[in-house]
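Listed here are the chains, written in short residue letters.
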Amino acid sequence: MNTETLDIQTVSTTPFTDQRPGTSGLRKSVVDFQKPHYLENFIQAIFNSLDGCAGKTLVVGGDGRYYNRHAVQIILKMAAANGLAKIILGQGGILSTPAASCVIRKHKTDGGIILSASHNPGGPKGDFGVKFNISNGGPAPEKVTEAIFARSKELQSYKILSCPDIDIDTIGTVQVGAMQLQVIDSVDDYQQLVESVFDFDQIYALIKGGSFRMCFDAMHAVTGPYGHAIFEKRLGAPAGTVIAGKILEDFGGGHPDPNLTYAHDLVEILFGKDAPDFGAASDGDGDRNMILGRNFFVTPSDSIALMTANHKLIPAYSKGIAGVARSMPTSRAADRVAAKMGIKCYETPTGWKFFGNLMDAGLANLCGEESFGSGADHIREKDGVWSILFWLNILAARKESVADIVKKHWQEYGRNYYSRHDYEEVDSEKAHDLMEKLDANLASMKGKKFGSRTVDFADDFSYTDPVDQSVAKNQGIRIHFTDESRMVFRLSGTGTRGATIRLYLESLELDAAKQGLDAQVALKELIDIADEVSQLKALTGRDKPTVIT
Ligand code: VG1
Ligand code: CO
């Protein structure tokens, strides 16, 4: 094709000052993204941060929320105008975040652009987001996101191909200007990969055996097609196993966050009469998961610990793993397993981007976060469906109930009581003031007594990456007590309205007779201490958290 005949437009623009990517990409309200040139500027900043576009291939896909299809058109036209060689696109613009990571790795592309605001609500009044992943399939590390931010602040123009809208729904390869566009099935590559990790025959036998029942809530978000293909079609679960399996642009008006508050339909089923044996849900973009047994909730922190303890049951990990990694606020249940099994345990800042180097270097194979995220080195994102398959594989191998498996785990390793209290949409100034006051008191905390507890140490978490020595500072305030209980305060990096204060609470119970309490009851004293230390109620005017998980 003669590129000189293409109608490539150079559109002049002015920079936006608020395009710094957060914990997981640039997340803003749809209304923000609809400002003239807003999306185009950020996409151009991504392209400008690449070391030239010529000859490069990127993967593009999103969670199907409102604005997804529109954004895909803009990205394709801009990619063609900027001289990219090829885009691999999920059919209809759909790829779960883990599937995008899988496709980037399998097709050895230079990276990918994922369109999602994860678990944030969708629709015209909801949120939208853009995330750039690098060639290992993982979220761009801070040095890359900072480079994108720097480019966004100096942007004077962007390039876009002027052409009619492109067919994004037909599988196959077409030309867009001088660029190749390959539209692929959204599920196939991902399904092949997870089939190579788990014992699908064993899980099939469990599900087909007749006495085991499960329910998967896709929350009208991206994992619907993955759930139908993998749980129902491939693993033989009866039709109806997947609920809310149709992707809707506004997620059916729901909040696609798999926790006890927002996944209430599933919670009612698993805690109701004649409940199935196993229940699971995933979030907007398919990287989070919630695991339920009959009348039983598995905390995400326990889930990663249990996966570590049971990894030998999974074909891909049966020969052993080198290590496990968890984000700092995640409970230390996994640390206890790692210590006993003689494997390494790493503690990273919040956000999946910090696990990439550890996995690339072969230091950690399994990773987890308290925020309903777990995954492994088959890709470089957390992975909801993988986590659910991990549990199904454990259940198929052990033939015990979810509750029995978890309770036996606590008896062996102790129970790390755990809870996170979120205070959402707090006035930004007040939230920062609270963190600053906490920070100012850190030096004098050691040895202080609060109720029955004594402070062991208090600091602002800072992380040095063991692979590239990069340093991430100010990653959350930790107050550790001498009885191994602790609390962590940090501000969310994914919220789009005001500030969200997250308070993480943890205490250890080794006595099996005392392991059956409700977490809020077990953590009551710590919750009170947290308010005393931070003056949260007084400073924010809030008397209770918005969400407790
Ligand atoms: C939150 C979670 C964090 C997670 C991030 C992205 O970040 O706490 O653990 O990695 O969301 O997950 P923050 O900064 O708001 O606490 V997802 O599923 O939204 O990509
Ligand atoms: Co997500």
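The next point concerns the overall build of the chain. What the chain contains, in helices and strands, is 18 helices and 27 strands. Here the C-alpha coordinates of the chain stretch approximately 75 × 60 × 40 Å along the principal axes. Evaluated residue by residue, the chain yields a buried proportion of 59% over its 549 residues. Here the analysis covers contacts within the chain between residues at least 6 apart in sequence; of these, 73% occur between residues at least 24 apart. Accessible area of the chain: about 20,900 Å², with a carbon and sulfur share of 49%. For the chain, the centre of its 59 positive side-chain charges and the centre of its 69 negative side-chain charges are spaced 3 Å apart.

Under the defined criterion, the tally for this structure stands at 36 salt bridges. Between Asp189 and Lys106 there is a salt bridge, with its nearest N and O atoms 2.9 Å apart. Of the two residues, Asp189 sits in helix H6 (residues 188-197) while Lys106 sits in helix H4 (residues 97-106), which places them 83 residues apart along the sequence. Taking relative accessible area as the criterion, Lys106 reaches 39% and is therefore assigned partly exposed. The closest approach of N and O atoms between Lys353 and Glu142, which form a salt bridge, is 3.8 Å. With Lys353 in the loop between strand S16 (344-348) and helix H12 (356-360) and Glu142 in helix H5 (residues 142-153), this pair connects stretches of sequence that are 211 residues apart. Through salt bridges that share partners, Arg326, Arg332, Asp335, Glu347, Asp459, Arg478, Arg486 and Glu506 make up one connected network.

This paragraph deals with the packing of helix H13 (residues 384-398) against helix H14 (residues 402-413). One can describe the packing of H13 onto H14 by two numbers: an axis separation of 11 Å at closest approach and a directional angle of 90°. Here H13 lies roughly perpendicular to H14, going by the angle between them. On the side of H13, the interface is formed by Trp391, Ile394, Leu395 and Arg398, while H14 contributes Val402, Ile405, Val406 and Lys408.

Even without glycine at this site, Lys108 takes up a positive phi of about 50°. For His220, which is not a glycine, the phi torsion comes out positive at approximately 55°. Checked against the element boundaries, His220 lands in the loop between strand S10 (214-217) and helix H8 (223-234).

Conventions and cut-offs
- Residues numbered from 1 in each chain as written.
- Chains lettered and ligands numbered in written order.
- Predicted model: local features only at pLDDT ≥ 70, side-chain atom pairs only at ≥ 80, totals over all residues.
- Heavy atoms only, no water.
- Helix = DSSP H or I, 4+ residues; strand = E, 2+ residues; numbered from the N terminus.
- Buried < 20%, exposed > 50% of the residue type's maximum accessible area, 1.4 Å probe, protein only.
- Contact = heavy atoms within 4.5 Å.
- Areas by Shrake-Rupley, 256 points an atom, 1.4 Å probe, with all protein chains shown as cover.
- Lys, Arg positive; Asp, Glu negative; His and termini not counted.
- Charge placed at Lys NZ, Arg CZ, Asp CG, Glu CD.
- Salt bridge = Lys/Arg side-chain N within 4 Å of Asp/Glu carboxyl O.
- Axes fitted to C-alpha atoms, helices over the stretch in contact; angles between N-to-C directions.
- Parallel < 35°, antiparallel > 145°, perpendicular 65-115°, else oblique.

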